[in-house]
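So the chains spell out like this:
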Amino acid sequence: MTRISNDAEFRKVLDGLEPVRQRQVAARFVENVLVLCSDERLASVLRIAASSESSQEELAEALKTARATTFACHTRCGSEGDWSEQAGYFVARAATAALTPIGQMPSGPAWQAALSSRMAQTSQSIVSGDDIAGQESNQQYQILSEFLDS
Amino acid sequence: MSKDETLGEALRRQGISRRGFLKFCAATASLMALPPGMVPAIAAALEKARRPSVIWLSFQECTGCTESLTRSHSPTVEGLIFDTISLDYHHTLQAASGTAAEAAREAAMEENYGKYILVVDGSIPLGNPGFSTIAGISNKNMLLDTAKGAAAIISVGTCAAYGGIPHAKPNPTGAVPVSELIKDKPIINIPGCPPIPVVITGVLAHFLTFGTIPELDELGRPMAFYGNSIHDRCYRRPFYDKGLFAETFDDEGAKKGWCLYKLGCKGPTTYNACATTKWNEGTSFPIEAGHPCLGCSQPDFWDGGGFYKALSMPTEDITRTAVYAVGAGAAAGVALGALNRAKKKRIEKAHEKVTINDLEKGD
Amino acid sequence: MSEAELLLWVRGPALQIATAIFLLGVVVRLAEILMLGRKKDLAEARGSAVAGGLRTIFSRFVPDRGTLQRSTFNVVAGYIFHIGFFVVLFLFTPHILLFQDVLNVSWPSLPTPMVDATTIVTIIALLAVLAHRLQNPVMRFLSGFQDYLVWLVTILPLVTGYLAFHRIGAVPPPTLIAIHILSVELLMVIFPFTKLMHAFTFFMARYYNGAISGYRGVNS
Amino acid sequence: MSASLDRGLNAFREQIDAPVAAFFSSCVHCGLCAEACLFYTETNDPTLTPIHKLEPLRRVWKQEYTFWGRYARAFGLTRPVTDEELTDWETLVYDSCTMCGRCSMVCPVGNDIAYMIRKMREGMAAAGHAPPDLVGATQRAVTIGSPMGVKLPALQAQIRHAEEELGFSIPVDVEGADYMLLLSSMEIMNFPEFISAIARIFKHANVSWTISSEAFEATNSGIQIGVSDIAAELVERIVAAAGKLKVKSVISPECGHAYMAIRWEGPNLIGRPYDFKVVHILELLEQLREEGRLRTTGKETQRLTYHDPCQISRRGGVVQQPRNLLNMVAEDFVEMPETGTMNWCCGAGGGVSSNERADDLRLKAFNRKKKQLDAIHPDAIVSACSNCRIHLEDGLEEYGMDMPVLSLTETIAEYLAGSEQAGSKE
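What counts, and where the lines are drawn
Residues numbered from 1 in each chain as written. Chains lettered and ligands numbered in written order. Predicted model: local features only at pLDDT ≥ 70, side-chain atom pairs only at ≥ 80, totals over all residues. Heavy atoms only, no water. Helix = DSSP H or I, 4+ residues; strand = E, 2+ residues; numbered from the N terminus. Buried < 20%, exposed > 50% of the residue type's maximum accessible area, 1.4 Å probe, protein only. Contact = heavy atoms within 4.5 Å. Rg over C-alpha atoms; globule rule 2.2 N^0.38 Å. Lys, Arg positive; Asp, Glu negative; His and termini not counted. Charge placed at Lys NZ, Arg CZ, Asp CG, Glu CD. Domains from an automatic or database assignment. Buried area = accessible area lost by both parts, 1.4 Å probe. Salt bridge = Lys/Arg side-chain N within 4 Å of Asp/Glu carboxyl O. Polar contact = N/O pair within 3.5 Å; in protein donor to acceptor, adjacent residues only side chain to side chain. Nonpolar A, V, L, I, M, F, W, Y, C, P; charged D, E, K, R; others polar. Pairing = 2+ DSSP bridges. Axes fitted to C-alpha atoms, helices over the stretch in contact; angles between N-to-C directions. Phe/Tyr/Trp six-rings, centres within 6.5 Å; stacked < 30°, edge-to-face > 60°. Lys NZ or Arg CZ within 6 Å of the ring centre and 35° of its normal. Parallel < 35°, antiparallel > 145°, perpendicular 65-115°, else oblique. Left-handed = near helix turned anticlockwise from the far one by under 90°.

Digging into the overall build of chain C
Of the regular secondary structure elements, chain C holds 11 helices and zero strands. Counting helices and strands in the order they occur from the N terminus, chain C gives α-α-α-α-α-α-α-α-α-α-α. Across the 220 residues in chain C, those meeting the buried criterion constitute 55%. Summarising the internal contacts of chain C: among those between residues at least 6 apart in sequence, 71% fall at separations of at least 24.

What follows is the structure, encoded as structure tokens:
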């Protein structure tokens, strides 16, 4: 059983994955925080991201949807921020990252998706005031371990 | 020389051939821009013309106009034509003087009342009648008196036509031209300082030929002689068009005969026949002699800002005006600026701090 | 008033009046602007305001490439008529003689046929600029009475000057010259009260623009 | 007390200075400023011509500060400015102008139109004609400390998140640090990765820095809405915090107007010079690069372009620094056709993005950016302003363009040399 306990290891493993596998594990990270986003389009996006059989067209379409969701959710400059909505925004960003082909972002999609998912969780914690330090990352280590073992 | 003699008779008596007479008629026709077909008609009319009575009054003048007419180097047809009029009064030329002279004038006026030609040279002073009198009669009174019976008046020279030099600023005598005082008679202006002799005789010939006064421009000058500007007929015009100017009287340009515009030539705004008839038996005219046109046949030519100042230069001292205007502007501007500053200070002082509660209009 | 009197009047008293109004007005306007003052900039400078200001006075003579591409006609026609106007105004012999008389300085002139051609080009450029003003939606929208007035008093001296030089038309040449001088005097008289003032204030405007940017280390 | 036409007109009178007078005196209605303004070029609506947006201010100048204008007014030759007119001008001054200053670069007579729009907004706001969304943002900025309502706990949560990711702590309220970092609400809310990127770079370059818990907000709604009194109050908070922490410099983050507010307007707003320096993050990064303290490994192979945020480059003077920095990490850095101080605004600055009413116009104007991008077809856009970034993403999405938008600071952080890679624990 693979054990991952820190980000350095976590990122190294993620960056070493095949592109399709990266996408799939990224989808799992996003799924883990999906409840934070009220936009229903993301569920189907994640299905496509998670599947190894998805066609190029499907993937491109899903990326488009994910992006559109991101823009629908972000807080405009100067408008009153709502952190629970902001959590949704980060979920959408995570989904977008998951579907973005390698090379279009400075860092790998899975790592980006993981970070954004954590930001979603942080946003939620700002609303609730809970201390969630380390929770989401630990869960992600778990998800990755399971993914590698599956 | 009898008064009843016709002009033709008088000319023949003086030995002028028919051929010479026709030549004069042709010259007159061309000067007056009449078609050549008119020459016989002119000749016929002049042949039969009675020698008209002419009264010549000289007021504030320099006798230059008379000199121009009489100082020809050799007798000319126009000179002789002049001889054939009945010059009944001309105090420079006539032998009589004093009471006798005035008597001659009065006699001529009476005898030819309504028919005689009045020639005037010189301007008339209105400032003080004593400035210029003849036999104790002020110029003004003599003009008004003599003009009454005249068929037409010819103002010879720029002084009579437009006031001329006596009228120049500051016009100490209050000089005025004939046209200022006489409003009910036809007046022909033959300006020039002096005027061209052939123009004077040409106008007389026209009057004798047609019994009418020639077509005049808006300044009362015969169009036939004053229809073109010096500039339009100037043989140096091509240099003007090319922009080749003499800068001084002895530079290369002057030697090459370039345009005299920069030396103050008033040719472009001066109307006269100098460039075509020329002076001194057609020898030359001032520009040909290397001197810019003074514009002497134009009103107020003496006040045109200086003979050697180019036409585009102001006639008055603009520099001083400019300095005063800038000074006054600076003073006024600083004063107005100070008012603005004071106003702004007041407004700044009255500034009410804008807080977030002041961003919406109250109801 | 006779033609000759008119000519003497426009060369004398009228020119005095026009010069006085022109200079007085311009100096008042400039003083009014300058005396409004501006607050000292308390932010720490990155560049020199003075250097930036002086730089922009000159650099704005060259349009940026984008503007030149998008508004080629506007820029080119504008340049032609401005340069043409200055060539005709300052490089024609009779005009130089006028400046020489008033300012006591002289400079070489351009051959008359070149000034003549420049006049034609300038008039055409001004007509084109007017056509553009009438047809371009932005310019037509922005333009008011004053814009057209200013155009008129700018083209008048050129047209009348051309006619006077070539002695064209039903009016006698000296009257043409008088009308020409009068048109210039009209230009001078309305100058301080209209946007013709830009001929002086653009130096200030460019300086301020360049100074504001220069202080921040930007070449504007 | 509330907003009124009188207060607005007084503000106009107060704002007019020699440059304004020189500018208005010089305009000949050539219309070139329209061609420099993306709101005009993408709508072809002549009413959006920049100089026209200043018409009420121009009339006040003429009627109040020119001899001739005073008489014109006395004789009824010129109309006084009315409240209805200001209502009409509201959208011109706030919705269709980002104060990007591109018109100011193009005006042949040298009019700084953006300078005047900034001043005009003072009067508009005092007359009660600021857009409601900007009013709301300004009220939040003053009462909460952030136009977006970001409170300290939110920042603390983001910092904790970053620390968790980084594996080292982020200095907060450290007295005597060299640099005090400001953040924009946008960064805290939408782009919190900026915080960790900065932290990594500063650790790498050994920069002594801190964040103040009392004044972390960099943005200044006061200068956007056009109320100097409020803007000054917001600047004072930063000055007080900087004084309290005894820092040598304050860092303005990746936000355009924040830099304008704290770097250039700040001392003038509070009426005294600072006793600390203000640097833009890109200035600081460039300085670190020059000193050899900022080292990177590897290069981005994608075709990158740089979008100059107007207030940082054209209006702020940080032009060359981002290019040097980008060249350090990009193999294929291409400039857009009109770039640097002549760059086209994204269309969202100057409060436009905060103003929901202007959404359609803002996206329409983005077509200008699209044309610029179409000329070079980059793979990604790098910029240095969160607001530009959000709007670029928005616009690209609107126009169906597939192109990520990156932060320059974050991009640099990705290529840092050495072992300070994310997640590494020492």
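There is more to say after this.
Points about the overall build of chain B
When its secondary structure is counted, chain B shows 17 helices and nine strands. For chain B, the C-alpha radius of gyration of 29 Å lies well beyond 21 Å, the compact-globule estimate for 363 residues. With respect to the three principal axes, the spread of C-alpha positions in chain B is 115 × 50 × 45 Å. Looking at the 363 residues of chain B, the share that counts as buried comes to 53%. Within chain B, counting contacts between residues at least 6 apart in sequence, those at least 24 apart form 76% of the total. Both charge centroids of chain B, one from 37 positive and one from 37 negative side chains, sit 5 Å from each other.

Quick look at the domain arrangement of chain B
All names here are of chain B. Taken domain by domain, chain B consists of domain 1 (51-220) and domain 2 (230-361). Inter-centroid distance (C-alpha atoms) of domain 1 to domain 2 is 37 Å. Residue-level contacts link 19 residues of domain 1 with 16 residues of domain 2. Summed over both partners, the interface of domain 1 with domain 2 buries about 1,300 Å², with 67% contributed by carbon and sulfur atoms. One can count zero salt bridges joining domain 1 with domain 2. Across the domain 1-domain 2 interface, the total number found is three residue pairs in polar contact (both at pLDDT 80 or more). Elements represented by at least two residues in the side of domain 1 that touches domain 2 include exactly helix 8 (157-162), helix 9 (164-167) and helix 11 (197-210). Across the side of domain 1 that touches domain 2, the residue classes break down as 11 nonpolar, seven polar and one charged.

Digging into the sheet that holds strand 3 (residues 116-121) of chain B
By definition, the strands of a sheet pair up through backbone hydrogen bonds, in either a parallel or an antiparallel sense. All names here are of chain B. With respect to topology, five strands assemble into an open sheet ordered 2-1-3-7-9, the strand pairing being parallel. In the strand order of this sheet, the two ends are held by strand 2 (86-90) and strand 9 (187-190), each with one partner. Strand-to-strand twist in this sheet, taken as the mean axis angle between neighbours without regard to direction, amounts to 20°. Alignment of strand 1 (residues 53-58) against strand 3, held across five bridges, turns out to be parallel. Across the sheet, S58 pairs through a bridge with D121, a residue of strand 3. Sheet contacts for helix 7 (residues 139-147): strand 1, strand 2, strand 3 and strand 7 (150-156); angle to strand 3, the most-contacted strand, approximately 160°.

Examining the packing of aromatic side chains
Counting across every chain of the model gives 34 aromatic pairs over all chains. Aromatic side chains F301 of chain B and F307 of chain B sit 6.1 Å apart centroid to centroid with 10° between the ring planes, which places their arrangement in the stacked category. With respect to burial, F301 of chain B and F307 of chain B carry one shared label: buried. Arranged with centres 4.6 Å apart and planes meeting at 10°, the rings of Y274 of chain D and F276 of chain D form a pair that is stacked. Each member of the pair Y274 of chain D and F276 of chain D is classed as buried. Joined through ring pairs, the aromatic side chains of Y240, F245 and Y261 of chain B together with F92 and F165 of chain C make up one cluster. Here the guanidinium or amino end of R263 of chain D rests over the ring plane of W264 of chain D, the centre of that ring lying 3.8 Å away.

Structural notes on the domain arrangement of chain C
One widely used convention gives an interface's size as the accessible area the parts lose upon coming together. All names here are of chain C. By the assigned domains, chain C splits into domain 1 (1-29 + 172-220) and domain 2 (64-143). Computed from C-alpha coordinates alone, the two centres of domain 1 and domain 2 are separated by 15 Å. Taken together, the contact pairs four residues of domain 1 with four residues of domain 2. Buried surface at the junction of domain 1 and domain 2, summed over both partners, amounts to about 180 Å²; 62% is from carbon and sulfur atoms. Counting every contact that joins domain 1 to domain 2 gives zero salt bridges. Applying the counting rule to domain 1 against domain 2 returns zero residue pairs in polar contact (both at pLDDT 80 or more). When the residues that make up the side of domain 1 that touches domain 2 are grouped by side-chain class, the tally is two nonpolar, two polar and no charged.

A closer look at the interface of chain D and chain B
Contact residues are listed per partner, giving 29 residues for chain D and 18 residues for chain B. Carbon and sulfur atoms supply 54% of the area buried between chain D and chain B, which totals about 2,200 Å² over both sides. Among the residues of chain D in contact with chain B, E14, Y65 and D229 of chain D are the three that bury the most area, contributing 26% of the side total. At the junction of chain D and chain B, the tally comes to four salt bridges. Between R7 of chain D and D358 of chain B there is a salt bridge whose closest N-O contact spans 3.8 Å. In this structure, the connection of chain D to chain B is made through 14 residue pairs in polar contact (both at pLDDT 80 or more). Contributing elements (two or more residues each) for the side of chain D that touches chain B: helix 1 (5-15), helix 5 (55-65), helix 6 (67-74), helix 10 (132-143) and helix 15 (228-245) of chain D. When the residues that make up the side of chain D that touches chain B are grouped by side-chain class, the tally is 13 nonpolar, eight polar and eight charged.

Some thoughts on the packing of helix 4 (residues 56-73) of chain A against helix 5 (residues 83-99) of chain A
All names here are of chain A. For the pair helix 4 and helix 5, interaxial distance at closest approach is 8 Å and the crossing angle is 155°. By the angle between their directions, the pair helix 4 and helix 5 is classed as roughly antiparallel. Taken as a pair, helix 4 and helix 5 cross one another with a handedness that is left-handed. Of the residues in helix 5, those in contact with L59, A62, L63, A66, R67, T69, T70 and C73 of helix 4 are E85, G88, Y89, A92, R93, A95, T96 and L99.

Details of the side chain of E217 of chain D
All names here are of chain D. Relative to the assigned elements, E217 resides in the loop between strand 2 (209-211) and helix 14 (221-225). A distance of 2.3 Å separates the side chain of E217 from the side chain of S185, its partner in a polar contact. In this structure the side chain of E217 is engaged in a polar contact, spanning 2.5 Å, whose partner is the side chain of T219. Contact partners of E217, with chain neighbours within four places excluded, come to G145, S146, P147, L182, L183, S184, S185 and I238.

Re helix 17 (residues 281-290) of chain D
Residues and elements named next belong to chain D. Counting buried residues along helix 17, seven of its 10 residues qualify, which places the element largely inside the surrounding structure. When we look at burial in helix 17, the residues that qualify are I281, L282, E283, L284, L285, E286 and L288. G292 sits one or two positions beyond helix 17 and adopts a positive phi of about 80°.

Focus on the interface of chain D and chain C
At the interface, 62 residues of chain D touch 47 residues of chain C. Across the interface of chain D and chain C, roughly 4,400 Å² is buried in total on both sides, 58% from carbon and sulfur atoms. Here chain D and chain C share three salt bridges between them. A salt bridge links E44 of chain C to K277 of chain D, with the nearest nitrogen and oxygen atoms 2.7 Å apart. The tally of links from chain D across to chain C stands at 27 residue pairs in polar contact (both at pLDDT 80 or more). For the side of chain D that touches chain C, the elements supplying multiple residues, two or more each, are helix 2 (18-26), helix 3 (32-35), helix 5, helix 6, helix 8 (102-106) and helix 16 (256-270) of chain D. It is helix 2 of chain D that provides the largest number of residues to the side of chain D that touches chain C, a total of seven residues. The residue makeup of the side of chain D that touches chain C, split by class, is 32 nonpolar, 17 polar and 13 charged.

Observations concerning the sheet that holds strand 8 (residues 405-407) of chain D
All names here are of chain D. Within the open sheet, the four strands sit side by side as 6-5-7-8. Their pairing is parallel. Looking at which strands have only one partner, the edges of the open sheet turn out to be strand 6 (330-334) and strand 8. Averaged over all adjacent pairs, the angle separating strand axes in this sheet is 40°, with direction ignored. Sheet analysis places strand 5 (residues 300-307) next to strand 6, joined by four bridges and oriented parallel. Looking at strand 6, one finds that T305 is bridged to V334.

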